[in-house]
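Spelled out from the first residue to the last, the chains are:
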Amino acid sequence: MKINNFSSFNTKYSSYNKNSFHSNLKTINNNQVLNYPFEYSNFLQFKGFIKPPLTEHDYKQAKEYLNSVINTDSTNLFYLNELDLDKLNGIQKGIKVFDGLSMKDINFILNTRKTFLLLNRGCNNNCSHCAYMANPITNKTYDRISYEDFNSLVDGIIELRQRMDNKVSFNFGLGTFLDSDCMNIELSDKNGKIYDYIDCLDILDKLDSTPPCFDTSGWNPESEMHQKRAEKFVNFIIQPKNNKKVHIINISINPYHGLYAKSAEAAKKLQFEKAKNYKDMYTKRMANVLYTFTPLLNTNIYIGVLTRAIPHKNTKSGCDDKALRTIKKDTYKELKKMYLKDVDCGIKSREDMEKYLNSWSSLLFSDDYYNKIAPLGRAQELFIDSGDNNLDKRINSALKYAKTSPCDLEKAINPNGQVILICNDVSIKTNLGLNFENKDKETKPFANQVDDYIFNLES
């Protein structure tokens, strides 16, 4: 989601700094909380951090209300936000993952197509255009959701639906990443068993909602673990029963990956042999991705090859549209070499090779998103002129947008269950959180995260 124009808002607003918000602050449990009179009153809970525990009477009243508006014999579905959420409050009683949340809170978090359940936080690709300024996963913070907490959310949603006789729909599809690569996503349980992205897809499939996307910038072909994981994913997803467990598969090819960025830097220093070595490492890496994903071309799964670059005239980084064209040509050449080896070994026919090369060629060369990189996050450093787009103004705009249209913002659920609002490359804490077992653990902050104040969904 890209929101670049806030000129239509007439709300008076102060620029972001620690001293400009005192008139909007109050203290709850020694926390400073930023309060706003939201317009979307049906979506938000107005009781702050402290909510009275739900009783059996609350649950019975919610069921009575539900029965009064829903015909159990009808096949008609209601969307959650079509119901009176105050009267429905109580239906969630006893569902552990939603403990402490009202139905307005639950609706705000989940009843949207812009909610991301961040299975992992962190990425090793070190891309210089990353809007989220992703850093590698570390042991210093809690960067992976536990297998138990992941299941508790999915099971909680299913149980909540069942309590509403499966006649109320959440209009949502959970994304599974923002600042991570799907090929590296893994969870572990209390016993240390590792679960990869395929296991996550099987669990998410129980929700019968919009399936997640799968995005990757590739992996080190010399890594036996990652290569086997990629092959396992392909063999899984090409099965007809699994085709619809992902919405789209995106392969990102660009001159901003850490390997190619090293090539461009070496070229600037006139270290041409070193630059070529890094470039070759990157193009062979991406050719291996296309080669490994070749069986996907025989399915109806939508595959996107995302090729992005800043026009040469707008950047001095050496990572530009000219570099992208070279990368694509060299990747294609490396891919053809791999296919020719298969032909020589009798693994593929020459007709199959030509068919696959034509398919990848149409994806590689059909479109270039030269103007699709915004000067946000790390990418801001790549532009000669990023315009009137400094961080203070972006934070100011994000908070203004959160004030006027909070339900239109992307929402991220951290591995510890904390809910974050996302506006471009700015993130805003909320006081909402799922009742995960690991809710007290510290997750790494987003880049450009508003840490000084917790955004309070209160009227």
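Fair warning: this is a prediction, and the values are worked out from it, not measured in the lab. (Residues numbered from 1 in each chain as written. Predicted model: local features only at pLDDT ≥ 70, side-chain atom pairs only at ≥ 80, totals over all residues. Heavy atoms only, no water.)

So, the overall build of the protein chain
Helices and strands together make up the secondary structure of the protein chain, namely eleven helices and 15 strands. The 459 residues of the protein chain split such that 55% are buried. Counting only contacts in the protein chain whose residues sit at least 6 apart along the sequence, the fraction spanning at least 24 positions is 75%. For the protein chain, the accessible area works out to roughly 21600 Å², and carbon and sulfur atoms hold 46% of it. (Helix = DSSP H or I, 4+ residues; strand = E, 2+ residues; numbered from the N terminus. Buried < 20%, exposed > 50% of the residue type's maximum accessible area, 1.4 Å probe, protein only. Contact = heavy atoms within 4.5 Å. Areas by Shrake-Rupley, 256 points an atom, 1.4 Å probe, with all protein chains shown as cover.)

Observations concerning the packing of aromatic side chains
For the coordinates displayed, the defined rule picks out ten aromatic pairs. Each ring, one from Trp219 and one from Phe293, has its centre 5.8 Å from the other, and the planes form 40 degrees; the classification is tilted. One end of the pair, Trp219, is in the loop between β9 (214-216) and α6 (224-237); the other, Phe293, is in the loop between α8 (272-292) and β11 (303-307), and 74 residues separate them in sequence. The residues Trp219 and Phe293 share a single accessibility class, namely buried. Measuring from centroid to centroid gives 5.9 Å for Tyr291 and Tyr339, while their planes differ by 45 degrees, and the two rings are tilted. Of this pair, Tyr291 sits in helix α8 while Tyr339 sits in helix α9 (residues 321-344), and the two are 48 residues apart along the sequence. (Phe/Tyr/Trp six-rings, centres within 6.5 Å; stacked < 30°, edge-to-face > 60°.)

Thoughts on the pairing of strand β14 (residues 426-433)
Among the eight residues of β14, seven are classified as buried, and the element is accordingly described as predominantly covered. Where strand β13 (residues 418-423) meets β14, five bridges bridge the pair, whose relative direction is antiparallel. Within β14, the residue paired with Leu421 across the bridge is Ile428. Linking β13 back to β14 in an antiparallel pair, the connection comprises two residues, with Asn424 at a positive phi of about 55 degrees. (Pairing = 2+ DSSP bridges.)

Re the nonpolar core
One recurring pattern in soluble globular proteins is that nonpolar side chains are buried together. Counting 104 residues, the largest nonpolar core has Leu88, Phe98, Phe150 and Phe293 as its most contacted members. In contact with Leu88, not counting residues within four places along its chain, are Ala62, Tyr65, Leu66, Leu80, Leu83, Met103 and Met164. By size, the runner-up hydrophobic cluster in this structure holds eleven residues, among which are Phe116, Leu118, Cys130 and Tyr132. (Core = buried A, V, L, I, M, F, W, Y, C linked by side-chain atoms within 4.5 Å.)

Quick word on helix α11 (residues 391-404)
With 14 residues, α11 should reach 20 Å at 1.5 Å per residue; the first-to-last C-alpha distance of 20 Å fits that figure. Of all the 14 residues making up α11, eleven are buried; the element is thus mostly covered by neighbouring parts of the structure. Regarding α11, the residues found buried are Arg394, Ile395, Asn396, Ser397, Ala398, Leu399, Lys400, Tyr401, Ala402, Lys403 and Thr404. (Expected span 1.5 Å × (residues − 1).)

Quick look at the side chain of His257
Position of His257 relative to the elements: it lies in the loop between β10 (249-253) and α7 (258-268). From its side chain, His257 meets the backbone nitrogen of Leu259 in a polar contact 3.0 Å long. Setting aside residues no more than four positions away along its own chain, His257 makes contact with Asn125, Asn126, Cys127, Ser217, Tyr282 and Arg285. (Polar contact = N/O pair within 3.5 Å; in protein donor to acceptor, adjacent residues only side chain to side chain.)

Some remarks on the sheet that holds β9
Strand order in this open sheet of three strands is β9-β10-β11, and the pairing throughout is parallel. Here the strands that pair on one side only, and so sit at the sheet edges, are β9 and β11. Sheet twist, expressed as the mean angle between neighbouring strand axes with direction ignored, is 20 degrees. Bridging between β9 and β10 involves three bridges; their strand directions are parallel. Paired with Asp215 across the strands is Asn250, a residue of β10. Set on the sheet, helix α10 (residues 350-365) makes contact with β10 and β11; between it and β11 the angle comes to about 45 degrees. (Axes fitted to C-alpha atoms, helices over the stretch in contact; angles between N-to-C directions.)

Describing the side chain of Asn125
Tracing the backbone through its elements, the reader meets Asn125 in the loop between β4 (115-117) and α4 (147-163). Polar side-chain contacts of Asn125 include one of 3.2 Å to the side chain of Asp181. Not counting the four nearest positions on each side in its chain, Asn125 is found in contact with Asp181, Ser217, Gly218, His257, Gly258 and Arg285.

Structural notes on the packing of α8 against α9
Remark: α8 packs on α9, axes separated minimally by 8 Å, with the N-to-C direction vectors making an angle of 55 degrees. The angle between the axes of α8 and α9 places the two elements in the oblique class. Remark: the crossing between α8 and α9 carries right-handed chirality. Residues Lys279, Tyr282, Thr283, Lys284, Met286, Ala287, Asn288, Leu290 and Tyr291 of α8 form the contact with α9, whose own contacting residues are Ile327, Asp330, Thr331, Glu334, Leu335, Met338, Tyr339 and Asp342. (Parallel < 35°, antiparallel > 145°, perpendicular 65-115°, else oblique. Left-handed = near helix turned anticlockwise from the far one by under 90°.)

Brief notes about the pairing of β13
Among the six residues that make up β13, five are buried, leaving the element largely enclosed by the rest of the structure. With four bridges joining them, strand β12 (residues 410-413) and β13 adopt antiparallel strand pairing. Counted as the bridge partner of Ala412 is Ile420 from β13. As consecutive antiparallel partners, β12 and β13 are separated by four residues, and within that stretch Gly417 has a phi angle of approximately 95 degrees, a positive value.

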